[in-house]
Protein chains: 2
Amino acid sequence: MEGPSPGLRFSLSIVFFSFVLIFVFLPSWYPPLDDPKQRPKQFFPPRKSPILEELPRTGKTKNCPSSETVHHPLDPLTTDEIIRVGSIVRSYPPFESSPPSIHSLTLHEPEKAEVVAWRKGDPLPPRRAFVLALSNGRTHELVVDLGSGRVAAHSVASGSGYPPLTMDELAAACEAPYTSAEFNESIRARGVAMSDVRCVPLSAGWYGRAVEETRRVIKVQCFDLEGTSNFYMRPLEGITITVDLDKREILEFVDSGRGIPVPKSAGTEYRYGSIEKGEEGRGTAAPPLKPISMEQPDGPSFVVENGHVVKWANWEFHLRADHRAGMVISRARVRDPDTGELRSVMYKGFASELFVPYMDPDEGWYFKTYMDAGEYGMGVTAMSLVPLNDCPRNAYYMDGIFAASDGTPYVESNMICLFERYAGDVSWRHSETPISGLEIRESRPKVTLVARMASSVGNYDYIFDWEFQTDGLIRIKVSLSGMLMVKGAPFENTKDVPEEYEMTGPLVSENVIGIVHDHYMTFHLDMDIDGSNNSFVDVHIEKEKTPPGSSPRKSYLKAKRRVARTEGDARIKLKLYDPSEFHVINPSRLSRVGNPSGYKVVPGGNGASLLDHDDPPQLRNAYTNNQIWVTPYNRSEQWAGGLLAYQSKGDDTLATWSERNRPIEDRDIVLWYTLGTHHVPCQEDFPVMPTVILSFDLKPVNFFDSNPILRAAPNFEKDLPVCKMTASS
Amino acid sequence: MEGPSPGLRFSLSIVFFSFVLIFVFLPSWYPPLDDPKQRPKQFFPPRKSPILEELPRTGKTKNCPSSETVHHPLDPLTTDEIIRVGSIVRSYPPFESSPPSIHSLTLHEPEKAEVVAWRKGDPLPPRRAFVLALSNGRTHELVVDLGSGRVAAHSVASGSGYPPLTMDELAAACEAPYTSAEFNESIRARGVAMSDVRCVPLSAGWYGRAVEETRRVIKVQCFDLEGTSNFYMRPLEGITITVDLDKREILEFVDSGRGIPVPKSAGTEYRYGSIEKGEEGRGTAAPPLKPISMEQPDGPSFVVENGHVVKWANWEFHLRADHRAGMVISRARVRDPDTGELRSVMYKGFASELFVPYMDPDEGWYFKTYMDAGEYGMGVTAMSLVPLNDCPRNAYYMDGIFAASDGTPYVESNMICLFERYAGDVSWRHSETPISGLEIRESRPKVTLVARMASSVGNYDYIFDWEFQTDGLIRIKVSLSGMLMVKGAPFENTKDVPEEYEMTGPLVSENVIGIVHDHYMTFHLDMDIDGSNNSFVDVHIEKEKTPPGSSPRKSYLKAKRRVARTEGDARIKLKLYDPSEFHVINPSRLSRVGNPSGYKVVPGGNGASLLDHDDPPQLRNAYTNNQIWVTPYNRSEQWAGGLLAYQSKGDDTLATWSERNRPIEDRDIVLWYTLGTHHVPCQEDFPVMPTVILSFDLKPVNFFDSNPILRAAPNFEKDLPVCKMTASS
C-alpha cells in the first residue's frame, strides 16, 4: 500500500502529534516558553510521507500489501484487527473511566500444537491479541479474543519492571527539560542556541536509587545540532535530567560538565547531499567505482505467499515484523532432496534481547546499560530500508504494522527486505590432482536468501540478517553501524590528558571520547528438528592418550557425545581449549546409517560479559552469563531479559528460568545463543561507524543422508544475463 | 597465453611423462606387469590441453600474459628465467656429474629495504633465484644470480627435514606398489580389478621409526575407482605401503584390512555430467534457481599493471603466485582520503603452513598429520579455477609459473582470480529516529576486491581469499571443501558397531567412517604500518571495580595498553573470558588527536590444537601452540613449519625462533596468526563437502583520522545496469 488511509492517517497524526511538533517547532519555542500561540494543536503532519517521497529518489520498492486479510495462524495483526483490539480494550470495564496507555499490542500466537497441525486451507485458529497496558502505574497483561470481542484473560503484573516505552512518552520526556530554568541556564552557559538543542531519551536501567524506585523514570541528555545533522557527535556533556515518565516532570537535574566544550561540528556531517559540498575541507574521496550490481533479469527465485510465507529453493518459512523482536522467522522447514519431504528445522527464531552496557561509572554514564528490545523495541525503531543501498535490486519489501500508545495502528513501510544473494562464493568444489590421472574441475556457485531489517535505536544501527543456504545452513548475522555514543572531554589531543583523568575510552576526535561498550544479542531459537521432541547434545572434543607402544602417536582427539538431561547441563561458556560442538537432535529420527537427525550451533567470533554478576545491569541481563542455554519450551518464556524489562530487577530472565533446572531431554526445547562483542572505539568510527559484522550459524549435522546440494547445477555462460548501462550505451 | 610454447611443451611432457603414463595406461598394465610393449616411452601428452579445452565450456577467461618481461622487483621468475636458472644449476661444478632434483625454484626476493625504496621506472635490483635441490640425499640451498649467471651462495642443510616433494616423485611413488606380489595378492583378495586401483602418496610425517630415519619415505594407500570418479570414498582399507622416495622401492607392506569391505560406489559420484543421469537413484534436486549474477557492464574498477600490481579504489598491492604459499600479497598500501598519501599497511602476507592432523592412532592412520604447504605446496596443488563458478564473471585470471624437478618451467593457467564483489551488504548506514525531528536515511553499499586461489591437496580443497575493503579492512578467508579422507569400516549402521570398536569418527555412509581431524592455517603477516618500525600492543580488556559509594555501578570494563617488549610478551592464546585486542602500531606516527597509527588482528571463529606438545606431529607444528606470535623481521623466517618441513623433527619452526625471545618493540616485526578448526565429519560431508568458511580480519585502528569512506556515494537507479536474458528475451 502507498501509506495509511486518510482515516488511519488522522489517527496516526494524533499519535505522533505530541512529539513531531516538539522538534519541528522547537526552534520557535524558545524563548519564550510560555507563549500559547506556539502550541500548534492544529498541526497534523502525515508521519510517513517524507519517507515515501524519498524512496523513488533511490529506486522503486515492491511493498507487500499490509494485508487486511489473514491467511496463516502466525500472520501479524492487521490494521483493522489492531483498531478492533484498541476499542475492545478501551471499552473493557477496568479501563472505562480512563483508557490505559498501550505499550504492546501484538498477535497472541495460537498454541504451538495448533499451528503445527494447521494446513493451508484449514480454518484459522481463533485470532487473539496480547496487550501490555499501563494504567495508574500498574502493568496489565491482556489476551483479547477478536472473535468474541472479549478480553479472554487479564492479569496485573506483580514482579519488577515495566513494558517497553512508547514513542510518544519518549518524545514527551524530551520536552520536559525545556520548562526547567536550570536547564535553560546550563544551555546559555555553554553558549548554545536553544533552537539547536536536541535531546534524547535514555532508559534509566535499575540501580535501586530511592528516587527511581517507586516510579517509571527516564534520563534525558542533549546535544548541539548547530552546523551538522550528526548531533550525536556534539554532546552537551554533563547535563542529565531524570524525568518521571508518567507525571512528565523533572525529578533530578544535574550539570557536571560546565567546563567541557561542545565538540566542533566540522567533520561530523554524513548526509550525501551535504558532504559532497566538502565543506569540512577534507581531501578527495577514493575514485568512484564502476557500477556493480546483483542482477536477475528473470526476477528472484523466491515467492512470498499471502505476504508472509516465503518459499525459496528447498526452504519454506513464515516471516513477520514484530514491534519488539523486529523480525520473527517461524516454521522454518527444508525439503529433503532424497524424499521430497518438507522437514521441520526451527519453529521460531528471533532476537530476544539486546544488552548494551557502556563502561563509564560517571554520573552521566553509569546508567547507560540498554536493553534495546525490551526497553525500546527493535521493530519500533526499525525505519524504512533504503532501496539499492540497504538491500540490493530485486529485493522484496515487507511493511510492519504496529500499534501506538492509544491503540491506533501505524505502518512502518519497507521495514523488512528479502533478497537473493550471489557473492561470488562457492557452495562446494573439487579439482582432481593430475596424479590421479583424472581431469576433474567441479565447482558450484553459492546462492542464498537473506531476510533483513535494520533497527536504529537512537545513535546505533543494527542490521539483522537471516541468511538461508541451499545446503541447509542458516546464518544469523548482525551488522553494527550508526553513530558512537560519545563523551565530551576538555582536551583535543591525547598528550594533553592529565595523569589523573580517567579515560574510559580513546579520544576519537578533538574533545570527543568514544566510550568503551559491549553489545550482546541474545537469540531465541526454538529448534524443532523433525518434530518437537529434541535433545541437546554436547559433542565434547577431548584429547585421548594412546597406550604406550600401541602407536607412534602419543595423542589424538576424540568426539564424545553427552546428552543434556536438565537445564543445568546446558549452560555453556565457550572455551577454545575445551571445545565442543553443540547439537540439537531428534533422538527418534535416525538416518539411513543410524545417526540421529540434528542441527548444530556454530559460533563465530564472540565476546563475553565480564561485569560483576551482582552489578545491577549484569543482574538484569544475567542471561548473558553464558553463551548457550537450553530451556524446555514454555510459551511465556520468550524474552531473555523478561517480559517487563524496563527498570526490572532481573527477577524474570532466562537465567532465573534456567535455575529451575527442568528436564530437557527428548522434549520440546528452546536453544538460546548470545552473540557478543567488546567495542573499543577508534577514529575510524567517527563520525559514522563502518559496519562491523558478527554472526553464528545453525548447520545441519546428520540431518540429511548426504550432501543435499550434490546435484546443484554449475553456472554456464548461456544462462547469465546480458547487461548494458542505460547511459553509456 | 594459450598454453606453453612448443619448445616448452616438449620439456613439459618430459616432466609429466613419468606419471601421466602411469595412470593413463595403468589399466592395460596389469597383468602382466613386465610386458615391455606396455611401457609407452613415446607418450608425450601436453599436460595442460585438457583444461584449456574445458574452459570455454564454462566461459572465457582473461589470462594475464605469463609475462616474459619483469617490471617489479617482486615479479615472479619468468619461464625464461627459470630455464636459465636450471641450466646454471646443472652446469654448477658440484652437480656436473649428475643433475640434482630441483624441489623449489623461486624468486630470491631483493632485500626489503631495496624493494621499499624502489619506485616505478627505477632500474630493477639484480634478479636472483632461490633453489632447493636434492643431490645424493642431501639438501642444497642455492642463490642463483641471473645477471652474472653464477651461483651466488650455496649451503648444504644440516638440520632435519627435506624440501617439498616433487610431482614426479609423488607419481613415481604411486607406481611402486604394482611391482609387489603382496600388493597384487591384497588387491585380488578384495576382488578389485587392478585396472580400477588408484593410489595416492601420503607424506609420512616423522615418528622416529628406525626404517624411516635414514631416508626420505612416503606412504602409499589405494582406492577403488570402479563405478565412480570419487575413489576417495572407496578406500582399500588397511593397505599401507611405505616407499623409499629416492630408491623408489617398497620398505614396508601392511595389509590389516582384509575383512573390511570396499564401500559401495552408489551415491559417491559428483561430476555434473554423470550425476544428472541420476543413476544413484536419488530423489529430485531442489527447483533450479533463476539466473543471478554480479554484473559490471563497464567492467571492473581494478587494473593490474604489468600482470602483478593491482590498483583498486584506495588500494594498491603486488600479487603473485608461489609454488609453496600459493598466493603472495606484497606491498599492500592504502590511500589516505585526507592527504591522498599512499600509506603502507603490510609488506608481505601469505599462508605459511597448513597443518592437518587426523585423529586415529591406527597403523594406517597415525601418520596422517600433513603439512600441506611444506610437504606438497599450496601453489603446486592449485589447479586452474573454473570460470563463472570458482570466480564470478568479470574476474581477472593470473597464471602461476613453476619449475618441475628437472628445472623446466610449466604454467598453471588461471591459478589465481581477482574480482570485485557486491554481496548486498552495507558499508555504513544510519537512519534517524523521528524523535529527533530529522528525516535521515543514509546507507552505502559495500563493494570489495577479492584475490582468490584454490589448492587441491589430494582430497581436500582450500579456497584462499584476500578480500580488501574500501574502509581499510582486509579479510583473510579460507573456504574448505572437497572430499573427506575416510576409513573403511566393517559395518553399515551405527547400531551394528560393537562396544569394543574404537570409533575415531562418525559413520557418514555404509562402511564409511569420516575420521575426526583438525586444520590449522598459519599466516605470515609482515605488517609495516606507515613504515617498518612497529610495535605490538596487547589492548587488554579488564574489569575495574568502582570504589564503594562512588557510583551506582559496581564494575565496568577498561582497555589497558601493554606494549610487547620481546617475543615472549607476544605469544598469545585467545581467551573469551580474558579478552584483548591485538594491535600492530607505528609508535612514531601519531594521528591528529595523538593516537598511534595501527591495525588490529580481529579473530573470527577459531580452534586450537589440543595434542600433546611432545607428540611428534605437534612438536613439528609447535607454531600452532599459540594463535598469535610476533617475531622480529628475519628474511630466513618465512615458513612457520621450517624451510625443510618434510620429515622434519621440529628443530626449525616459528616456535623455536620465538624461543630466542628477541626484542620486538619499535622494530620491523612480523605478525603470525593461526586459523584453526576441528572437523567432526557428518553425513552432509559425503560424498563431497559443502564449503565451510573460516576467516579473520586485519582492521585499521586509529590508522585513519576518521571514517575513510564517509564520502562514498550511494547507489542510484540510474547508475545501475539494464539486463536481459539472452535466451528469454
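Residues numbered from 1 in each chain as written. Chains lettered and ligands numbered in written order. Predicted model: local features only at pLDDT ≥ 70, side-chain atom pairs only at ≥ 80, totals over all residues. Heavy atoms only, no water.

**Let's talk about the state of the cysteines**
Put plainly, two cysteines are in a disulfide when a covalent bond ties their sulfur atoms together.
Residues and elements named next belong to chain A.
Inference 1: If you walk through the whole model with that rule in mind, you get five disulfides over all chains.
Inference 2: Between the sulfur atoms of Cys391 and its disulfide mate Cys417 the distance is 2.2 Å. Judged by the torsion about the S-S bond (-95°), the Cys391/Cys417 disulfide is left-handed. Of this pair, Cys391 sits in the loop between helix 10 (372–376) and strand 16 (396–403) while Cys417 sits in strand 17 (residues 409–431), placing them 26 residues apart in sequence.
Inference 3: Cysteine Cys174 shares no disulfide, and the gap to the nearest cysteine sulfur, in Cys199, comes to 6.2 Å. (Disulfide = S-S within 2.5 Å. Helix = DSSP H or I, 4+ residues; strand = E, 2+ residues; numbered from the N terminus.)

**A few points about the side chain of A:Arg216**
Residue and element names in this part refer to chain A.
Inference 1: In this structure, Arg216 sits in the loop between helix 8 (210–213) and strand 6 (217–224).
Inference 2: Owing to a relative accessible area of 2%, Arg216 belongs among the buried residues under this scheme.
Inference 3: A polar contact is formed between the side chain of Arg216 and the side chain of Glu169, at a distance of 2.6 Å.
Inference 4: The residues contacting Arg216, other than those within four sequence positions of it, are His103, Leu134, Tyr162, Leu165, Glu169, Val243, Asp244, Leu245, Asp246 and Gln647. (Buried < 20%, exposed > 50% of the residue type's maximum accessible area, 1.4 Å probe, protein only. Polar contact = N/O pair within 3.5 Å; in protein donor to acceptor, adjacent residues only side chain to side chain. Contact = heavy atoms within 4.5 Å.)

**Digging into the pattern of salt bridges**
Inference 1: Under the criterion given, the structure shown has 120 salt bridges over all chains.
Inference 2: Between A:Lys348 and A:Glu109 there is a salt bridge whose closest N-O contact spans 2.7 Å. Of this pair, A:Lys348 sits in strand 14 (residues 342–357) while A:Glu109 is found in the loop between strand 1 (101–107) and helix 5 (112–117), placing the two residues 239 residues apart along the sequence.
Inference 3: Given a relative accessible area of 8%, A:Lys348 falls into the buried group.
Inference 4: Notably, a salt bridge pairs B:Arg190 with B:Asp255, separated by 2.8 Å at the nearest N-O pair. Here B:Asp255 lies in strand 8 (residues 249–255) and B:Arg190 lies in the loop between helix 7 (181–189) and strand 5 (197–203), a separation of 65 residues in the sequence. (Salt bridge = Lys/Arg side-chain N within 4 Å of Asp/Glu carboxyl O.)

**Digging into the confidence of the model for chain A**
Residues and elements named next belong to chain A.
Inference 1: Confidence in the prediction of chain A, expressed as mean pLDDT, is 90, and 89% of residues score 70 or more.
Inference 2: Here residues 1–66 is modelled with pLDDT under 50, and outside its nearest four sequence neighbours on either side it reaches 118 contacts, counting other chains as well.
Inference 3: pLDDT under 50 marks residues 277–283. Its contacts with residues more than four places away, or in other chains, come to 15 contacts. (pLDDT = per-residue confidence, 0-100.)

**What about the relation of the copies chain A and chain B?**
Inference 1: With an RMSD of 0.0 Å, chain A superimposes on chain B once it is rotated by 180° and translated 0.0 Å along the axis. On this basis, the relationship between the two copies can be described by a two-fold rotation axis.
Inference 2: Interface residue correspondence from chain A to chain B reaches 100%, placing this contact among same-surface, isologous pairings. (Least-squares fit on C-alpha atoms with pLDDT ≥ 70 in both.)

**A few points about the environment of B:Pro164**
Residues and elements named next belong to chain B.
Inference 1: Secondary-structure assignment places Pro164 in the loop between strand 4 (150–156) and helix 6 (167–175).
Inference 2: The class of Pro164 is buried, set by a relative accessible area of 2%.
Inference 3: Spatially, the C-alpha atom of Pro164 lies 17 Å from that of His108, the residues being 56 residues apart in sequence.
Inference 4: Setting aside its immediate chain neighbours within four residues, Pro164 contacts His103, Leu132, Glu169, Arg324, Gly374 and Glu375.

**What to know about the sheet that holds strand 31 (residues 689–700) of chain A**
Residue and element names in this part refer to chain A.
Inference 1: Spatial ordering of the open sheet is given by 16-17-18-19-20-31-28-27-25-26, a layout of 10 strands whose pairing is antiparallel. Across the chains shown, the open sheet's two edge strands, defined by having one partner strand only, are strand 16 and strand 26 (555–563). Going from strand to strand, the sheet's axes swing by 25° on average, the running direction of each strand aside.
Inference 2: In this sheet, strand 31 lies alongside strand 20 (residues 474–482) in antiparallel orientation, the contact comprising eight bridges. Across the sheet, residue Gly482 finds its bridge partner in strand 31, namely Met689.
Inference 3: Its contacts with the sheet place helix 3 (residues 79–90) against strand 16 and strand 17, and it is angled at close to 10° to strand 16. (Pairing = 2+ DSSP bridges. Axes fitted to C-alpha atoms, helices over the stretch in contact; angles between N-to-C directions.)

**Some details on the UniProt feature "domain: Copper amine oxidase catalytic" (unreviewed entry) in chain A**
Inference 1: Per the UniProt entry, the sites bearing "domain: Copper amine oxidase catalytic" (unreviewed entry) are residues 293–709 of chain A in this numbering.
Inference 2: Span residues 293–709 of chain A is 4% helix and 48% strand, its end C-alpha atoms 26 Å apart. (UniProt positions renumbered as here; feature names shortened; annotations may be inferred.)

**What about helix 3 (residues 79–90) of chain B?**
Each α-helix winds once per 3.6 residues, and so residues spaced three or four apart point in a common direction.
Inference 1: Between its terminal C-alpha atoms helix 3 of chain B stretches 17 Å, which fits the 16 Å expected from 12 residues at 1.5 Å a residue.
Inference 2: Within the span of helix 3 of chain B, buried status applies to B:Thr79, B:Glu81, B:Ile82, B:Val85, B:Gly86, B:Ile88 and B:Val89. (Expected span 1.5 Å × (residues − 1).)

**Details of the pairing of strand 4 of chain B**
Two faces make up the sheet, and in a regular strand the side chains alternate between them.
Residues and elements named next belong to chain B.
Inference 1: Pairing of strand 3 (residues 138–145) with strand 4, which is carried by six bridges, proceeds in the antiparallel orientation. When the bridges of strand 4 are listed, His140 appears paired with Val156.
Inference 2: Hairpin connection of strand 3 to strand 4: four residues between the antiparallel strands, including Gly149 at a positive phi of 70°.

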